[in-house]
Amino acid sequence: MSEVKISAEVRSEFGKGAARRLRRADKLPAVVYGHGADPMHITLPHHGTLMALKTPNVLINLDIDGKSQLVIPKAVQRDAVRIGILEHVDLLLVRKGEKVNVDIYVHTEGELAPGGNLLEHVLNALPVEAEATHIPESVTVSIAGLEAGATVLAKDITLPKGTTLAVDEDTVVLQVLAAQAEEAAAETEGEGEAAEA
């Protein structure tokens, strides 16, 4: 897992007006919390933070007035209209060796069994518990040859070493559905043949 270093400044101005001024200066308001400490309001460089957040569950080494703090993103507010614009970030303090609950993306590989079946991602991300400095970016699941009616449960997914499920092991993550259009067409043909007889 990659670690990104970002310089931050403590901020003393709050409210919408202050946040707008920060954003105009290409800065991003953020809050750091965790470990029972009072929340710390900080300012981050917008572009550097945006680039860092392209990596899921990125570990960020914040330099706040010369003091280093390890954090992970917990909540990211994005502009509803303008793509690539962040509004606010909540960061969670972490320590090396500490376990944290995060969601990791579920990627699939392989082809379903022939027949026009559809793959439904019931969960796009899998809740897991992992060491804060070793959070996996994603897990990969093989769907090769799966037929309609097949399901992949959380317990069926091989997790990286040191990572455990933070969800019931019988939770459905993926399921294969029969193609509806083909079934409907077959039923219509059958009705037509019955009418002719």
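Below is a short write-up of the structure. This one's a predicted model, so the numbers in the text were calculated from it and none came from an experiment. (Residues numbered from 1 in each chain as written. Predicted model: local features only at pLDDT ≥ 70, side-chain atom pairs only at ≥ 80, totals over all residues. Heavy atoms only, no water.)

The helix and strand tally for the chain stands at three helices and 13 strands. Whereas a compact globule of 197 residues would reach a radius of gyration of roughly 16 Å, the chain reaches 23 Å, over 25% beyond that. Dimensions of the chain, computed from C-alpha atoms along their principal axes, come out at roughly 85 × 40 × 25 Å. Put simply, the chain has 197 residues, and 35% of those count as buried. Within the chain, contacts between residues at least 6 apart in sequence are counted, and of these 65% link residues at least 24 apart. Carbon and sulfur atoms form 50% of the exposed surface of the chain, whose accessible area is close to 11500 Å². Distance between charge centroids for the chain: 20 Å, based on 18 positive and 30 negative side chains. (Helix = DSSP H or I, 4+ residues; strand = E, 2+ residues; numbered from the N terminus. Rg over C-alpha atoms; globule rule 2.2 N^0.38 Å. Buried < 20%, exposed > 50% of the residue type's maximum accessible area, 1.4 Å probe, protein only. Contact = heavy atoms within 4.5 Å. Areas by Shrake-Rupley, 256 points an atom, 1.4 Å probe, with all protein chains shown as cover. Lys, Arg positive; Asp, Glu negative; His and termini not counted. Charge placed at Lys NZ, Arg CZ, Asp CG, Glu CD.)

On to unusual backbone geometry, then. Although it is not a glycine, His 35 sits at a positive phi angle of roughly 55°. Inspection of the secondary structure assignment puts His 35 in the loop between β2 (27–34) and β3 (37–45). Here His 35 falls in the partly exposed class, since its relative accessible area comes to 34%. Positioned with a positive phi, Asp 65 is a non-glycine residue whose angle comes to about 50°. Structurally, Asp 65 can be placed in the loop between β4 (59–64) and β5 (67–78).

Before going further, it helps to examine the sheet that holds strand β8 (residues 118–121). As a general point, the strands of a sheet are linked pairwise by backbone hydrogen bonds and lie either parallel or antiparallel. What the three strands build is an open sheet, ordered β8-β13-β11; its pairing is antiparallel. The sheet is open, and its two edges are formed by β8 and β11 (151–153), each paired on a single side. The sheet shows a mean angle of 15° between the axes of neighbouring strands, taken without regard to direction. (Pairing = 2+ DSSP bridges. Axes fitted to C-alpha atoms, helices over the stretch in contact; angles between N-to-C directions.)

Soluble globular proteins tend to bury their nonpolar side chains together. By size, the foremost hydrophobic cluster in this structure holds 25 residues, and its most contacted members are Ile 72 and Leu 126. At the level of secondary structure, the elements contributing two or more residues to this core comprise β5, β7 (99–109), β9 (125–131), β10 (138–142) and β13 (172–177). Sorting elements by how many residues they give to this core places β7 first, with four residues. The contacts of Ile 72, once residues within four sequence positions are left out, are Val 58, Leu 59, Asp 90, Leu 91, Leu 92, Val 94, Val 100, Val 102 and Ile 135. Counting 19 residues, the second largest nonpolar core, distinct from the first, contains Ala 30, Ile 42, Leu 44 and Ala 52. (Core = buried A, V, L, I, M, F, W, Y, C linked by side-chain atoms within 4.5 Å.)

Bringing helix α1 (residues 16–24) into the picture now. Of all the residues in α1, the buried ones are Ala 18, Ala 19 and Leu 22. Summarising the axial view, the buried residues of α1 lie within an arc of 100°, below the 170-degree limit, and thus occupy one face. Those residues of α1 that are exposed and angled more than 90 degrees off the buried face are Lys 16 and Arg 24. Lining the buried residues of α1 we find β2 and β3. (Arc of directions from axis to C-beta.)

Bringing the pattern of salt bridges into the picture now. Summed over the entire model, instances satisfying the criterion amount to two salt bridges. As a salt-bridge pair, Glu 9 and Lys 27 come within 3.6 Å of each other at their nearest N and O atoms. With a gap of 18 residues between them, Glu 9 in strand β1 (residues 3–10) and Lys 27 in strand β2 connect regions that are remote in the sequence. One salt bridge in this structure joins Lys 155 and Asp 170, with 3.0 Å as the shortest N-O distance. Of this pair, Lys 155 sits in the loop between β11 and β12 (164–165) while Asp 170 sits in the loop between β12 and β13, and the two are 15 residues apart along the sequence. For Lys 155, a relative accessible area of 44% gives the class partly exposed. (Salt bridge = Lys/Arg side-chain N within 4 Å of Asp/Glu carboxyl O.)

Here β4 pairs with β5 via five bridges, running antiparallel. Across the sheet, the residue bridging to Ile 60 is Val 71, located in β5. Taking the residues that link successive antiparallel strands as the turn, the β4-β5 hairpin has two residues, and the phi of Asp 65 there is positive, at about 50°. Relative to strand β6 (residues 86–93), β5 is paired through seven bridges, and the arrangement is antiparallel. Of the residues in β6, the one forming a bridge with Ala 75 is Asp 90.

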